[in-house]
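Residue-level listing of the chains:
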Amino acid sequence: MALQGPIPVGFDMVFPHGCYVVGEVEPVKDFDASTNGRFVQSRDKQSGELVWQVAVMDADPTVKPGQKTVAVKILAPVQPVQPVPPAPMPGLPFTPVEFDHVTVTLYVNGTGRLAYSIKVRAMRAPRSAAVPAPVKNSSTAGKEAA
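This section reports on the structure supplied with the text.

Criteria and thresholds
Residues numbered from 1 in each chain as written. Predicted model: local features only at pLDDT ≥ 70, side-chain atom pairs only at ≥ 80, totals over all residues. Heavy atoms only, no water. Helix = DSSP H or I, 4+ residues; strand = E, 2+ residues; numbered from the N terminus. Buried < 20%, exposed > 50% of the residue type's maximum accessible area, 1.4 Å probe, protein only. Contact = heavy atoms within 4.5 Å. Areas by Shrake-Rupley, 256 points an atom, 1.4 Å probe, with all protein chains shown as cover. 1 Å grid on protein atoms, 1.4 Å probe; cavity = no way out; pocket = protein on both sides within 12 Å on 5 of 7 lines; lining within 4 Å. Points joined across faces, edges and corners; volume = space filled by probe spheres on them. Nonpolar A, V, L, I, M, F, W, Y, C, P; charged D, E, K, R; others polar. Salt bridge = Lys/Arg side-chain N within 4 Å of Asp/Glu carboxyl O. Core = buried A, V, L, I, M, F, W, Y, C linked by side-chain atoms within 4.5 Å. Phe/Tyr/Trp six-rings, centres within 6.5 Å; stacked < 30°, edge-to-face > 60°. Polar contact = N/O pair within 3.5 Å; in protein donor to acceptor, adjacent residues only side chain to side chain.

What follows deals with the overall build of the chain. Helix and strand counts for the chain come out as 2 helices and 9 strands. Across the 146 residues that make up the chain, the buried fraction comes to 30%. Within the chain, contacts between residues at least 6 apart in sequence are counted, and of these 60% link residues at least 24 apart. Here the chain displays about 10200 Å² of accessible surface, and carbon together with sulfur accounts for 58% of that area.

Below you can see the structure in the form of structure tokens.
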């Protein structure tokens, strides 16, 4: 099979409506290596990088409420100072965020359903959308031409 391991995808494919940070960036525990009282951080199997995670809320209005919040894993050699969640935006209850170098890994979860893990290399503030030029209605367009 040609596809093995993480599948590279675009941010817009995973979060077409965007997403918002709703948690702190935290280390992911390696449950196999950790013992009672001794925390060992997980490492990515392909790259060997330390794994961190942040909870984000999917802005897609069609997503069921129980599936709105997902964990995004960040691969980085040290706790992300860069990437850090962007500064909160005035008037918004959550901080919008985008991710770069996104991969998706499919797996079968404990209930036998297909699930996926999202891993990224960078987190940043969303790119600002270009503001479209004002649209002139037909009644004012004729007056300006005259």
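In this section: the layout of surface pockets. For the largest pocket, the calculated volume is near 710 Å³. What lines the largest pocket is a set of 26 residues, among which Lys-73, Tyr-107, Tyr-116, Ser-117 and Lys-119 lie closest to the centre. When residues of the lining of the largest pocket are traced back to their parent elements, those giving at least two are strand 5 (69-75), strand 7 (102-108) and strand 8 (114-120). Among the elements that line the lining of the largest pocket, the one with the most residues is strand 8, at 6 residues. Split by residue class, the lining of the largest pocket holds 11 nonpolar, 6 polar and 9 charged. Here the second largest pocket defines a volume of roughly 220 Å³.

A word on the pattern of salt bridges. Close approach of charged atoms allows side chains with opposite charge to pair. A complete count under the given rule lists 4 salt bridges for this structure. Among the ionic pairs, Asp-44 bridges to Lys-119, the shortest N-O distance being 2.7 Å. Here the residue Asp-44 occupies a position in the loop between strand 3 (26-27) and strand 4 (51-58), and Lys-119 occupies one in strand 8, the gap between them amounting to 75 residues. Comparing Asp-44 with Lys-119 shows no difference in burial state: the two are buried.

Membership of the largest hydrophobic core comes to 20 residues, with the highest contact counts inside it found for Phe-15, Val-54, Val-56, Val-72, Phe-99 and Met-123. Those elements that place two or more of their residues in this core are helix 1 (11-14), strand 2 (19-21), strand 4, strand 5, strand 6 (95-100), strand 7 and strand 8. A per-element tally of this core places strand 4 first, with 3 residues. Residues in contact with Val-72, not counting those within four places in the same chain, are Phe-15, Trp-52, Gln-53, Val-54, Val-56, Phe-99, Ile-118 and Val-120.

Take the packing of aromatic side chains next. Throughout the structure, instances matching the rule amount to 2 aromatic pairs. With centroids separated by 5.7 Å and ring planes inclined at 40 degrees, the aromatic side chains of Phe-11 and Phe-15 adopt a geometry described as tilted. Among the residues examined, Phe-11 registers a relative accessible area of 11% and is labelled buried. A connected cluster of aromatic rings, assembled from ring pairs, spans Phe-11, Phe-15 and Phe-99.

Turning next to the environment of Arg-124. Here Arg-124 lies in strand 9 (residues 122-124). Taking the C-alpha atoms as reference points, Arg-124 and Phe-99, 25 residues apart in sequence, are found 6.2 Å from one another. In contact with Arg-124, other than residues within four places in its own chain, are Pro-86, Val-97, Glu-98 and Asp-100. Side chain to side chain, Arg-124 and Asp-100 meet in a polar contact 2.8 Å long.

What follows deals with unusual backbone geometry. A positive phi angle is found at His-101, which is not glycine, with a value near 55 degrees. Looking at the secondary structure, you find His-101 in the loop between strand 6 and strand 7. What makes His-101 exposed here is its relative accessible area of 61%.

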